[in-house]
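Fold and geometry: a report
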Amino acid sequence: MKILFLTSSTSNKVFDSLCENANFKPNPSNQIFYNKLIKALSYFNEVSVISHRPFANGMYRASTLPEFNDKEVNINYYYTRIKGDYFYKLFIEHKNIYQRAVTAIDDFKDDNVVIIVDPLRRNLLKTAVKLKKRYRFPVIGMLTDNPFNLTKSSKKYSNFVIKNAKYLDGFLSITDGLLDAYGVKNKPHYIFEGLVEEIGEYKKEPLGDYFAFAGSIYERYGVKNLIDAFEFVDQKYNLVILGNGSLEKYINNKTKINPRILYLSQISKEKVYAIEQHALANINPRPYDQVLDSESIPSKMFEYLASGVPTISTMHSRLHDLFTEEVFWINDDSPEGIAKTINDFLQASKIQVNKKVTTAKVKVYEMFGLRPQGEGITHFLTSFKISSK
């Protein structure tokens, strides 16, 4: 099967280059998830990616990013032209995306094509709907977030996403709740909570004995509570924070007061893996929220579970169902509650800890590895009748 994927994700090589040249770095979570999904699909299909790179005013020294083509194993990348000015984004950008998509479809030289789109990217969704009308190819939306829950999203933008997503033929989704949020539960869908890729062993960084958090550093994700919790944790251990977000100033001030708080900002994916693999435990502190619980998955949890070290986490209903015995669960997400679970973990027997770690790693790869999920998603996609032009 031929798959045309409309996304802001890039190859890892291009994303690393973007980060190196950025005045402020693009959020890596979207990049990591879609990069893994594209790779999973490429094991069983020929995949072409229309990559509309992340761009905000002042993000890069250059005011324009040119279009170009690139290639990885069984994956063709068609990068769109990016420009910061308002007129281009409003009137021209979607035309460039559309033309790049037409070029990619022509290069397939095949009518057996399925289109997958990230509906949260307005002009990508607009292009997908237009391609559907022209080619009659099935178009599948990949649901990762409710647009109404996104930071700084306008009501007009969110309504546009929900309205136009209903024109799509089917959906991939990380939760059942997102199907309800988009009003598309009656359409064909395939739910998978996350993805994990096989990674090698990395050398330990000289950071002492530490616990680790990697992700977006916002108070609403529990990062402030996690930092404050370390006032109540044995003084021998450090806390390593990786990522960027609105708490940067708070964390930088904390590092001056408490030398056990180590803030490394946003670093390469390989260095993140290295730090996760050698932590005493990786911690997810996101407070329980009923809406987020039904519509969102803390994606870093899959990385943690695959890392080969223990995972400590606040409650999430679906992940608790899947990994009841494999995680040290935090029942109280206050600083004191987080600290109590960390201190209980430090008192746990090595036999108990090793059993949790071993079982977690086996389960997460069996359920969410790229090959098993790539095969399952491909089977779902083949259920759609492909119409010729």
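Scroll up to find the structure.
Scope of this entry: the structure provided in the associated data block. Source: prediction; values computed, not measured.

Let us now look at the overall build of the chain. Each helix and strand counted, the chain has 15 helices and 16 strands in total. For the C-alpha atoms alone, the extent of the chain along its principal axes is close to 65 × 45 × 40 Å. Of all 389 residues assigned to the chain, the portion counted as buried reaches 55%. Summarising the internal contacts of the chain: among those between residues at least 6 apart in sequence, 73% fall at separations of at least 24. Looking at the chain as shown, the accessible area adds up to about 17400 Å², and 52% of this sits on carbon and sulfur atoms. Positive and negative charge centroids in the chain, built from 52 and 43 side chains respectively, lie 7 Å apart.

Our next topic: the packing of aromatic side chains. For the coordinates displayed, the defined rule picks out 18 aromatic pairs. The interplanar angle of 50° and the centroid separation of 5.6 Å between the aromatic rings of Phe-55 and Tyr-60 together place this pair among those described as tilted. A relative accessible area of 17% places Phe-55 in the buried class. For the pair Tyr-218 and Tyr-221, a centre-to-centre distance of 5.9 Å together with 90° between the ring planes defines the contact as edge-to-face. On the basis of relative accessibility, which here comes to 27%, the residue Tyr-218 falls in the partly exposed class. An aromatic cluster is built from Phe-5, Phe-33, Tyr-34, Tyr-190, Phe-192, Phe-380 and Phe-384, whose rings are joined through pairwise contacts. Residue placement shows Arg-371 over the ring face of Tyr-43; its charged tip is 3.9 Å from the ring centre.

As a further point, take the pairing of strand S1 (residues 2-7). Of all the six residues making up S1, six are buried; the element is thus mostly covered by neighbouring parts of the structure. In S1, alternate side chains face the same way, and those of Lys-2, Leu-4 and Leu-6 on one face and Ile-3, Phe-5 and Thr-7 on the other are all buried. In the sheet, S1 pairs with strand S2 (residues 46-51) via six bridges, with the strands oriented parallel. Looking at the pairing, Ile-3 lines up with Val-47 of S2. Looking at chain direction, S1 and strand S7 (residues 113-117) are connected through five bridges and run parallel.

A separate point is the sheet that holds S7. Ordered in space as S4-S5-S2-S1-S7-S8-S9-S10, the eight strands form an open sheet in which the pairing is mixed. Strand pairing shows two members of the sheet lacking a second neighbour, strand S4 (68-72) and strand S10 (189-191), which therefore form its edges. In this sheet, neighbouring strand axes are inclined to one another by 20° on average, regardless of whether the strands run parallel or antiparallel. Pairing geometry for strand S9 (residues 170-173) and S10, over three bridges, is parallel. The residue of S10 that forms the bridge with Phe-171 is His-189.

Here strand S14 (residues 281-284) shows two buried faces, one formed by Ala-281 and Ile-283 and the other by Asn-282 and Asn-284. Here two bridges tie strand S11 (residues 210-214) to S14, and the two strands are oriented parallel to one another. Residue pairing in the sheet places Ala-212 in a bridge with Asn-282 of S14. Pairing geometry for S14 and strand S15 (residues 311-314), over three bridges, is parallel. The partner of Ile-283 across the bridge, within S15, is Ile-312.

So, about unusual backbone geometry. For Lys-109, which is not glycine, the phi dihedral falls at a positive 55°. As for its position among the elements, Lys-109 is in the loop between helix H3 (86-108) and S7. Lys-109 sits in the exposed class, given a relative accessible area of 73%. Positioned with a positive phi, Arg-136 is a non-glycine residue whose angle comes to about 65°. Relative to the helices and strands, Arg-136 resides in the loop between helix H4 (122-135) and strand S8 (139-143).

Our next topic: a positive patch on the surface. Side chains of Lys-95, Arg-122, Lys-126, Lys-130, Arg-134 and Lys-156 sit close together on the surface and give a patch of like positive charge. Here the positive patch takes four residues from H4, the largest share from any one element. Its place among the elements puts Arg-134 in helix H4. The exposure class assigned to Arg-134 is partly exposed, which follows from its relative accessible area of 45%.

Cut-off values and rules
Residues numbered from 1 in each chain as written. Predicted model: local features only at pLDDT ≥ 70, side-chain atom pairs only at ≥ 80, totals over all residues. Heavy atoms only, no water. Helix = DSSP H or I, 4+ residues; strand = E, 2+ residues; numbered from the N terminus. Buried < 20%, exposed > 50% of the residue type's maximum accessible area, 1.4 Å probe, protein only. Contact = heavy atoms within 4.5 Å. Areas by Shrake-Rupley, 256 points an atom, 1.4 Å probe, with all protein chains shown as cover. Lys, Arg positive; Asp, Glu negative; His and termini not counted. Charge placed at Lys NZ, Arg CZ, Asp CG, Glu CD. Phe/Tyr/Trp six-rings, centres within 6.5 Å; stacked < 30°, edge-to-face > 60°. Lys NZ or Arg CZ within 6 Å of the ring centre and 35° of its normal. Pairing = 2+ DSSP bridges. Axes fitted to C-alpha atoms, helices over the stretch in contact; angles between N-to-C directions. Patch = residues over 30% accessible without salt bridge, like charges linked within 9 Å, V, L, I, M, F, W, Y side chains within 5 Å. Salt bridge = Lys/Arg side-chain N within 4 Å of Asp/Glu carboxyl O.

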